[in-house]
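# Architecture at a glance
The residues making up each chain are set out below.
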There are 4 protein chains.
Amino acid sequence: MRKKMKPDTIKQNEMKLLIAAKAIVESTGFEALSIRAVAQQADVSIGTVYHYYDNKESLVEAVVLSGYQSLMWEVKQPLVNEVAPSEEIIERFIRYVKTAISQKKYYQKVMLNPSPAIVKHTSIFKENAIGSGIGSLEVLLQKASYQEGFTIQDIGTQARILWLTIYGLTLRLITEKKTTDEDIVDWVTVICETHFYKLKRSE
Amino acid sequence: MRKKMKPDTIKQNEMKLLIAAKAIVESTGFEALSIRAVAQQADVSIGTVYHYYDNKESLVEAVVLSGYQSLMWEVKQPLVNEVAPSEEIIERFIRYVKTAISQKKYYQKVMLNPSPAIVKHTSIFKENAIGSGIGSLEVLLQKASYQEGFTIQDIGTQARILWLTIYGLTLRLITEKKTTDEDIVDWVTVICETHFYKLKRSE
Amino acid sequence: MRKKMKPDTIKQNEMKLLIAAKAIVESTGFEALSIRAVAQQADVSIGTVYHYYDNKESLVEAVVLSGYQSLMWEVKQPLVNEVAPSEEIIERFIRYVKTAISQKKYYQKVMLNPSPAIVKHTSIFKENAIGSGIGSLEVLLQKASYQEGFTIQDIGTQARILWLTIYGLTLRLITEKKTTDEDIVDWVTVICETHFYKLKRSE
Amino acid sequence: MRKKMKPDTIKQNEMKLLIAAKAIVESTGFEALSIRAVAQQADVSIGTVYHYYDNKESLVEAVVLSGYQSLMWEVKQPLVNEVAPSEEIIERFIRYVKTAISQKKYYQKVMLNPSPAIVKHTSIFKENAIGSGIGSLEVLLQKASYQEGFTIQDIGTQARILWLTIYGLTLRLITEKKTTDEDIVDWVTVICETHFYKLKRSE
DNA sequence: AATGAATGAGACTTCATTCAT
DNA sequence: AATGAATGAAGTCTCATTCAT
């Protein structure tokens, strides 16, 4: 099992470390995430961890990014039923907040992380925000405006405002530990409907 | 070395430690906030710090709360000119975001802190939200609805939605390091106007 | 034995650490001098070492300086018999080289150490070289020139040249492991006599 | 990946490693000279380094020796102008000290290295000191004694004494960081002239 | 001949906390 | 009320070396 390992094995080892790291975060939180702990959890020497990650920072970054990808993957799964675009927005935001809350440790670390490597994925203010979810939201808003008779002057801005509200909501629900499904559904719904209401009337 | 200190002296000592702690946070960040550092900065022994604070956690809590109070004090200062309520809301939010950004280290620590002692001050979801600013915002919205012809059905909810958007905005501006005055003014303005527009039309 | 220790105790502890450190150097060399080893040798926690020394560098510096002081103390002991100044120079240099060789580990570390804190003590080129031994050598050369009929134009320079030769000799005897008493006596004698011979004739 | 490498290739690889090692020493010092670093610098695997050198020690030895050879090559280059032997000695020593100082990292490591493999090259006390420079110095002194009317009883000893002085000088100039050309020229000159003066008078 | 993943010891350092005085 | 020496665990990181391939 020593040298010139097949790329598969490499990936496997990296995966092993990542899984170990995530296990630690999930059970004890990010404060407990240390190189030492990861090595122990993965049943590997400390040196090995440094073989795969240059330093703690890059390990944390990998964990955080991996958490973000799980989150987004979850959110992007297709809905069960076909619904009107405005309904879809609500459904998706509910799922977004639920997923974020269920992985709150990652969510906060990712969404408040100022490291350029992370912000690259999470930015809301950069122009071509395709990957980050803002793009999808714009598309949905556009659809809604056609199908449901909204008139939206600046979709980009409106999407961002709506997103910021949900974002603020998510963080406060986590912080205030109001994480029941009911809380989530109620607030997402009223936020979205308030927003759409405005759009409908603004023609 | 002293005997039977007057309560004043106690308060003075506590203050000295708090000031020292804040100085450290401001110059080097929360990561550098250690008991040792505080003792040194305040020119006091380590043991003394433990006289006033049970452990590190309670010291951090005190620092964080004190930061929050400075922040709110700043925001609550009266405006220079008398303006319409809707204008005042915008002005105050601009100031809020600016102050939060100028003290971002505290702002994040406070506003994302789930400790009950902190949440007690920062909560947005609890009913009688008088102290936290939501109360003031409700009052302003109420005034606006009278003076400027809005119709608002549920002022409490509307105030919270608006606040959540500004809250989300603040955190993302910090995270993405978009902290110029222009960014702040533009975003706060468009967010508030979008919101008011909706209210005006919703009659 | 805890707090507000008497200064004596403090000095004792520092001494304990210094002695431990020197024991390590003497038995295993400077490469083996680690904070860990010192703590163990002194039967003290690692943290305690850091209580007395800011970092490894300052510990090493203390060890090195202490070694230098022992060396100089040894060299400066009065001679057993009163002899002519030129003889005294030879006797003292023989003792210097012998002591240096018997403590070769320190000698090299000190005399090749470029740290300002060390060079301050060992410098040969600075003007007022009173403490470093050059001063004493100048005095002896001066005496010799009166009593034994030398004429020396620039005593400072001549003292330094003689010293440099002995210094070079010491280092090479150590490096080439020619450390018998015979080697030392022979070389120091021939070097000094060569030097004096010149001086005698140069009138 | 290759089969049956020609001896040339072997030498080439060794050279590549040696060059890499020297590059590291020159840019970052001997402390930074690690097997890892050499492998990286030479764009070669760690294992390969161990093919060519048994362990770190032998690599360091090779580096050190190679440095010494560069140094001596430089010193042995012919002088630009033909000059009297005593002048040539001064010129060559000035060059020696300058070169040593310009490569101080190697100079110290070599000239204070007690490993037999190194001392074999640098020894000053062994009898047939042909290669090490002492031989050349003896020849020059001999020439001077014929051409310039010195009488020297024991050329071998006198050469060594002069050499030891220059050696001591070089090490102290490095240690005390007095490395301007002026310092070098002044000291070498006064040392040599003092020595020659003695020789002239000793007839 | 060459690779490079893995090891595991050991380096330095920081820190919250205790407790005898 | 105040001190500060002492603890000891935990943290990050580097390194020479081995060995299966």
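Residues numbered from 1 in each chain as written. Chains lettered and ligands numbered in written order. Predicted model: local features only at pLDDT ≥ 70, side-chain atom pairs only at ≥ 80, totals over all residues.

## A word on the overall build of chain A
Tallying secondary structure elements over chain A gives 10 helices and 0 strands in all. The secondary structure elements of chain A, listed N-terminal to C-terminal, are α-α-α-α-α-α-α-α-α-α. Across the 203 residues of chain A, 33% fall into the buried class. Within chain A, contacts between residues separated by at least 24 positions form 60% of all contacts whose residues are at least 6 apart in sequence. (Helix = DSSP H or I, 4+ residues; strand = E, 2+ residues; numbered from the N terminus. Buried ≥ 20, exposed ≤ 12 C-beta atoms within 10 Å, placed from the backbone. Contact = placed C-beta atoms within 7 Å.)

## Examining the packing of helix 5 (residues 85-102) of chain D against helix 8 (residues 134-147) of chain D
Residues and elements named next belong to chain D. Where helix 5 meets helix 8, the axes come as close as 8 Å, and the angle between the chain directions of the two elements is 150 degrees. As the angle between them shows, helix 5 and helix 8 are arranged roughly antiparallel. Taken together, the residues of helix 8 that come into contact with helix 5 (itself represented by P85, S86, E88 and I89) are L140, K143, A144 and Q147. Grouping the amino acids of the contact of helix 5 with helix 8 by side-chain chemistry returns 4 nonpolar, 2 polar and 2 charged. (Axes fitted to C-alpha atoms, helices over the stretch in contact; angles between N-to-C directions. Parallel < 35°, antiparallel > 145°, perpendicular 65-115°, else oblique. Nonpolar A, V, L, I, M, F, W, Y, C, P; charged D, E, K, R; others polar.)

## Notes on the relation of the copies chain C and chain D
With an axial shift of 0.1 Å and an RMSD of 0.3 Å, the rotation relating chain C to chain D amounts to 179 degrees. With respect to symmetry, the two chain copies, as superposed, fit the operation of a two-fold axis. Mapped onto chain D, 100% of the interface residues of chain C are again interface residues, and the two copies thus contact each other with one and the same surface. (Least-squares fit on C-alpha atoms with pLDDT ≥ 70 in both.)

## What to know about the relation of the copies chain B and chain A
Note on the identical chains: chain B maps onto chain A by a rotation of 179 degrees and an axial translation of 0.1 Å, with an RMSD of 0.3 Å. Mapped onto chain A, 100% of the interface residues of chain B again fall at the interface, so both copies present the same surface.

## Some points on the confidence of the model for chain A
Residue and element names in this part refer to chain A. Put simply, chain A has an average pLDDT of 87, and 89% of its residues get 70 or more. Averaged pLDDT values for the elements of chain A fall to 82 in helix 1 (residues 7-28) and rise to 96 in helix 9 (residues 155-175). Contacts of residues 1-5 to residues separated by more than four positions or lying in other chains number 1 contact, the stretch itself having pLDDT below 50. (pLDDT = per-residue confidence, 0-100.)

## Section: the interface of chain C and chain D
By a frequent convention, interface size equals the accessible area lost on bringing the separate parts together. At the interface, 28 residues of chain C touch 28 residues of chain D. Elements with a minimum of two residues in the side of chain C that touches chain D: helix 9 (155-175) and helix 10 (181-201) of chain C. The element that contributes the greatest number of residues to the side of chain C that touches chain D is helix 9 of chain C, accounting for 10 residues. Residues that form the side of chain C that touches chain D fall into these classes: 13 nonpolar, 9 polar and 6 charged.

## Brief notes about the environment of A:I124
Note on placement: A:I124 falls in the loop between helix 7 (116-122) and helix 8 (134-147). Along the primary structure A:I124 and A:S102 are separated by 22 residues, whereas in three dimensions their C-alpha atoms are 22 Å apart.

## Section: the interface of chain B and chain A
If you look at the interface, chain B gives 28 residues, while chain A gives 28 residues. At the level of secondary structure, the elements contributing two or more residues to the side of chain B that touches chain A comprise helix 9 (155-175) and helix 10 (181-201) of chain B. For the side of chain B that touches chain A, the element with the most residues is helix 9 of chain B, which contributes 10 residues. Of the residues that constitute the side of chain B that touches chain A, the class distribution is 13 nonpolar, 9 polar and 6 charged.

## Some details on the domain arrangement of chain A
As assigned here, chain A comprises domain 1 (7-53) and domain 2 (65-201). The C-alpha centroid of domain 2 of chain A is placed 31 Å from the C-alpha centroid of domain 1 of chain A. (Domains from an automatic or database assignment.)

## Quick word on the packing of helix 5 (residues 85-102) of chain B against helix 9 of chain B
Residue and element names in this part refer to chain B. Two elements in contact, helix 5 and helix 9, have axes whose closest approach is 10 Å; the angle formed by their N-to-C orientations is 35 degrees. Seen from above, helix 5 lies across helix 9 with right-handed handedness. Touching F93, Y96, V97, A100 and I101 of helix 5 are I166, L169, T170, L173 and I174, all from helix 9. Among the residues forming the contact of helix 5 with helix 9, the class breakdown is 9 nonpolar, 1 polar and no charged. (Left-handed = near helix turned anticlockwise from the far one by under 90°.)

## Focus on the environment of D:Y167
Mapped onto the elements, D:Y167 comes out in helix 9 (residues 155-175). For the pair D:Y167 and D:M111, spaced 56 residues apart in sequence, the C-alpha separation works out to 9.1 Å. Ignoring anything within four residues of it in the chain, the contact list for D:Y167 reads C:G168 and C:R172.

## Considerations on the UniProt feature "DNA-binding region" (unreviewed entry) in chain A
As recorded in UniProt, the feature "DNA-binding region" (unreviewed entry) lies at residues 34-53 of chain A. In residues 34-53 of chain A, the share of helix is 70% and the share of strand is 0%. The end C-alpha atoms are 12 Å apart. (UniProt positions renumbered as here; feature names shortened; annotations may be inferred.)

## Observations regarding helix 4 (residues 56-76) of chain D
An ideal rise of 1.5 Å per residue puts 30 Å on 21 residues; helix 4 of chain D measures up with 30 Å between its terminal C-alpha atoms. Along helix 4 of chain D, the positions that sit buried rather than exposed are D:L59, D:V63, D:V64, D:L65, D:G67, D:Y68 and D:L71. (Expected span 1.5 Å × (residues − 1).)

## Details of the nonpolar core
Residues A:I166 and B:I166 are the most contacted members of the largest nonpolar core, which totals 95 residues. Once residues within four sequence positions are removed from consideration, B:I166 is found in contact with B:F93, B:Y96, B:V97, B:V188 and B:I191. (Core = buried A, V, L, I, M, F, W, Y, C linked by C-beta atoms within 7 Å.)

## What to know about unusual backbone geometry
All names here are of chain D. Here the phi dihedral of D43 falls at roughly 60 degrees; this positive angle occurs in a residue that is not glycine. Inspection of the secondary structure puts D43 in the loop between helix 2 (35-41) and helix 3 (46-52). Given 9 C-beta atoms within a 10 Å radius, D43 is considered exposed. Positive phi, normally seen in glycine, also occurs at K177, with a value near 55 degrees. Following the sequence through the fold, K177 ends up in the loop between helix 9 and helix 10 (181-201). Using a count of 14 C-beta atoms within 10 Å as the deciding quantity, one classes K177 as partly exposed.

## Observations concerning the environment of C:S86
Residue and element names in this part refer to chain C. Tracing the sequence through the fold places S86 in helix 5 (residues 85-102). In this structure the C-alpha to C-alpha distance between S86 and I155, which are 69 residues apart in sequence, comes to 14 Å. Residue contacts for S86: discarding those within four places in its chain leaves A144, E148 and F196.

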